[in-house]
Amino acid sequence: MTESRVEEPSVTGSGRGRPDWGAVAALSGVAAALVALVAYLLPPDEPRAAPAAPAAVTSSSAPEPAPERTTPRPHGSSPAPEPSESAEPSESPEPEPEPEPEPQPEPSRTTDAPAPLPALLPAGCREASAAVAAYRRDAGGSRGAQADAANLAYQGLMRAGTDADQSVRPTILRLAQEFQELSFRLNGMVMADPNEVIADINADLPVLSRKCSNGS
């Protein structure tokens, strides 16, 4: 028996119809390089001249009139106001009549009460008060001046006690003796503290004032 062999087509003839893409790409790159080189070597185009400006059109119209001369106005002066029409005087409202004041009632006459008469002081009170006031006025800062003032107060109190009422006479005479003792101690005739006598005088003066004001 004879074996039939199927012949396989040869592979060598199948590759002839395909283009070589690598060669095509290389040729394209070379062509682009040549175009760029030629464009670089050519001189640049000259700039076009700008179009000339159109000539000014001269008008054949009449000449413009000269401007009017205006007199300069001084600085700060305002234009004179135009006379405005006199406005009609507005009628002022008539004043309302003032209300008549109501008659005020006459103040009632009150009789002033007479001032009370001062109470009569017992005899001897005024003279005794004057003698004590003279001592306070005339007593100086030295012991000698105070001694003289105490002696004068003693004499005044003795005269006041002579004609004094019985209600105040003992107190006035006791004050006279105290001022005499004060004079002795200030002069050095009695060696004792004068402040002791001054304390007795200050204790008897309110008693005399109370008796003179009460009248007893």
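From a predicted model like this one, the values you see are computed outputs, not experimental measurements.

Thresholds, definitions, all that
Residues numbered from 1 in each chain as written. Predicted model: local features only at pLDDT ≥ 70, side-chain atom pairs only at ≥ 80, totals over all residues. Heavy atoms only, no water. Salt bridge = Lys/Arg side-chain N within 4 Å of Asp/Glu carboxyl O. Buried < 20%, exposed > 50% of the residue type's maximum accessible area, 1.4 Å probe, protein only. pLDDT = per-residue confidence, 0-100. Helix = DSSP H or I, 4+ residues; strand = E, 2+ residues; numbered from the N terminus. Contact = heavy atoms within 4.5 Å. Polar contact = N/O pair within 3.5 Å; in protein donor to acceptor, adjacent residues only side chain to side chain.

Novice: Would you mind going over the pattern of salt bridges with me for this structure?
Specialist: Side-chain pairs of opposite charge can arise where the charged atoms are in close proximity. Inspection of every chain in the model, using the stated rule, returns 4 salt bridges. The partner of Arg137 in a salt bridge is Asp138, with the nearest N and O atoms 3.5 Å apart. Overall, the relative accessible area of 60% leaves Arg137 in the exposed class. Within this structure, Glu181, Arg185 and Glu196 form a network of salt bridges that share partners.

Novice: Looking at this structure, how should I read the confidence of the model for the protein chain?
Specialist: Do not read the predicted coordinates in detail wherever pLDDT is low. Averaged over all residues, the pLDDT of the protein chain is 75; the fraction at 70 or higher stands at 61%. When mean pLDDT is taken per element in the protein chain, helix 4 (residues 169-187) scores highest with 95 and helix 1 (residues 21-41) scores lowest with 80. Considering only residues more than four positions removed or in separate chains, one finds that residues 1-15, a stretch of pLDDT under 50, has 0 contacts. Predicted confidence is poor over residues 53-62, with pLDDT under 50, and the contacts of this stretch with residues over four places away or in other chains come to 0 contacts.

Novice: Got a minute to help me understand the side chain of Asp204 in this structure?
Specialist: Among the structural elements, Asp204 can be located in helix 5 (residues 194-214). Within the structure, Asp204 has its side chain in polar contact with the side chain of Arg174 (distance 3.3 Å).

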